[in-house]
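Letter by letter, the chains look like this.
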Amino acid sequence: MKTHAKLPSTAKSSRWHGLHLEPIWWSLFSAGGVCFAVFVPAVVLVFAILAPLGFITLDYSQIVSWYADIWGLLFTGAVICLPAFHAAHRIRHGLHDLQIGGGLLSVVICYGAAALLSVAALYGWWQLSG
Amino acid sequence: MSYKPELTGSWWLKHRFFMLYMLREATVLPLVFLLCSLLAGIYSLASPEQFASWQAFMARPWVLALHGLALVAALYHAFTFFQLFPRVMPIRIGARLLPPALMVAVQWAAVLAVIVLFLWLFGNSQGAI
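Below is a short write-up of the structure.

Analysis parameters
- Residues numbered from 1 in each chain as written.
- Chains lettered and ligands numbered in written order.
- Predicted model: local features only at pLDDT ≥ 70, side-chain atom pairs only at ≥ 80, totals over all residues.
- Heavy atoms only, no water.
- Helix = DSSP H or I, 4+ residues; strand = E, 2+ residues; numbered from the N terminus.
- Buried < 20%, exposed > 50% of the residue type's maximum accessible area, 1.4 Å probe, protein only.
- Contact = heavy atoms within 4.5 Å.
- Areas by Shrake-Rupley, 256 points an atom, 1.4 Å probe, with all protein chains shown as cover.
- Core = buried A, V, L, I, M, F, W, Y, C linked by side-chain atoms within 4.5 Å.
- Buried area = accessible area lost by both parts, 1.4 Å probe.
- Salt bridge = Lys/Arg side-chain N within 4 Å of Asp/Glu carboxyl O.
- Patch = residues over 30% accessible without salt bridge, like charges linked within 9 Å, V, L, I, M, F, W, Y side chains within 5 Å.
- Phe/Tyr/Trp six-rings, centres within 6.5 Å; stacked < 30°, edge-to-face > 60°.

### Thoughts on the overall build of chain A
Part 1 of the argument: When you go through chain A residue by residue, the secondary structure sums to five helices and zero strands.
Part 2 of the argument: Taken from the N to the C terminus, the helices and strands of chain A come in the order α-α-α-α-α.
Part 3 of the argument: When each of the 130 residues of chain A is scored for burial, the buried share is 42%.
Part 4 of the argument: In chain A, the share of contacts with a sequence separation of at least 24, taken over all contacts with a separation of at least 6, comes to 74%.
Part 5 of the argument: Total accessible area on chain A stands at roughly 7,300 Å², and carbon and sulfur atoms take up 71% of it.

Rendered as structure tokens:
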């Protein structure tokens, strides 16, 4: 490496820098951010506000037949998994901003929780579709 | 004594800009609650009875309040996120730059389109809409 030629050999520290997963976290954060902004408002409005208030009556058998199809997988990915990793990324860095935790533990807890939530949601879809 | 500035956990309370930054970070907290509600909803699809009890849960006042907060948070997040797109990925058509305001408007149009789609798909029954 030309640019590092003058650095002493000890500059190549033996510290473990992790698995260089940051690009993955950032991509998931970014994709989740788009889904959070574009899909989540409609989902909250319909399923969490208008339906519970009685403005919309959800049809159980229709929802099951749609959800058990490929649409359920797309819904799970776009509305649950990606936003979950978006949330995990923000919570991880928000905790750092609050000077709470940090380091590998924050990474494992935040992305681990997002992964668990995603797997649980995908398993729910798989059960219904299978 | 040290001249190194010390960062405390309350630094973001000292300026409106920092508070707005932390508010944006906090938009994911009601989102996490929504995701858990939706996960419960997926599992409630196992039987009509479980789906009905999930709907009863969703109609509880405190749950409705948190989901109302989630809607506001999602829209605030969208407001901040849509401004980033023209900066991160400016689109050029020929020699001309696509106006950032237009890119923001297109993204809001997408939000509206998805809302209309969902209302069309699910708002078909005896409801008021």
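### Some words on the nonpolar core
Part 1 of the argument: The biggest cluster of nonpolar side chains holds 58 residues, and the ones touching the most others in it are F47(A), L58(A) and F118(B).
Part 2 of the argument: Among the elements that make up this core, the one with the highest residue count is helix α2 (residues 40-50) of chain A (nine residues).
Part 3 of the argument: Residue contacts for L58(A): discarding those within four places in its chain leaves F47(A), A51(A), I63(A), F51(B), Q55(B) and F122(B).

### Side note on the environment of Y21(B)
Part 1 of the argument: Take Y21(B): it is sitting in helix α1 (residues 16-26).
Part 2 of the argument: With 32 residues separating them in the primary sequence, Y21(B) and S53(B) have C-alpha atoms 38 Å apart.
Part 3 of the argument: Contacts of Y21(B), omitting those with residues within four sequence positions, involve D97(A) and W11(B).

### Considering the interface of chain B and chain A
Part 1 of the argument: On the chain A side, the residues contacting the 56 residues of chain B number 53 residues.
Part 2 of the argument: Summing both partners gives a buried area of about 4,700 Å² for chain B against chain A, and 78% of it is carried by carbon and sulfur.
Part 3 of the argument: The largest per-residue losses of area from chain B upon contact with chain A belong to I42(B), L45(B) and F122(B), which jointly make up 14% of the total buried on that side.
Part 4 of the argument: For the interface between chain B and chain A, the tally reads one salt bridge.

### Considering unusual backbone geometry
Part 1 of the argument: One non-glycine residue with positive phi stands out, namely Q99(A), at about 65 degrees.
Part 2 of the argument: Its place among the elements puts Q99(A) in the loop between α4 (70-97) and α5 (103-129).

### A few points about the pattern of salt bridges
A side chain with one charge can pair with a side chain of the opposite charge if their charged atoms come near.
Part 1 of the argument: Within this structure, the stated rule accounts for three salt bridges over all chains.
Part 2 of the argument: Among the salt bridges present, the one from E25(B) reaches R90(A), with a minimum N-O distance of 3.2 Å. Placement of the pair is E25(B) in helix α1 and R90(A) in helix α4, with the two residues belonging to separate chains. Each of the two residues, E25(B) as well as R90(A), counts as buried.

### Re the environment of S37(B)
Part 1 of the argument: Mapped onto the elements of the fold, S37(B) is located in helix α2 (residues 28-44).
Part 2 of the argument: In this view, S37(B) contacts W54(B), F57(B), M58(B) and H67(B); residues no more than four positions away in its chain are not counted.

### Here's the deal with the environment of L116(A)
Residues and elements named next belong to chain A.
Part 1 of the argument: Here L116 is to be found in helix α5.
Part 2 of the argument: The class of L116 is exposed, set by a relative accessible area of 64%.
Part 3 of the argument: Distance from L116 to H20, taken between C-alpha atoms, is 21 Å for residues 96 residues apart in sequence.

### Let's talk about a nonpolar patch on the surface
All names here are of chain B.
Part 1 of the argument: Taken together, the side chains of L84, F85, V88, M89, I91 and I93 make up a nonpolar region of the molecular surface, amounting to roughly 530 Å² of accessible area.
Part 2 of the argument: A total of three residues in the nonpolar patch trace back to one element, the largest contributor, which is helix α4 (residues 61-88).
Part 3 of the argument: Mapping M89 onto the fold places it in the loop between α4 and β1 (92-93).
Part 4 of the argument: A relative accessible area of 48% means that M89 is categorised as partly exposed.

### With respect to the packing of aromatic side chains
Part 1 of the argument: One pass over the structure, following the stated rule, counts 18 aromatic pairs over all chains.
Part 2 of the argument: Measuring from ring centre to ring centre gives 3.8 Å for W25(A) and Y111(A), while their planes differ by 10 degrees; the resulting arrangement is stacked. With W25(A) in helix α1 (residues 22-38) and Y111(A) in helix α5, the pair connects residues that are 86 residues apart, well separated along the chain. You'll find W25(A) and Y111(A) in the same group, each marked buried.
Part 3 of the argument: Between W11(B) and F18(B) the ring centres are 5.4 Å apart and the planes differ by 65 degrees, which places this aromatic pair in the edge-to-face class.

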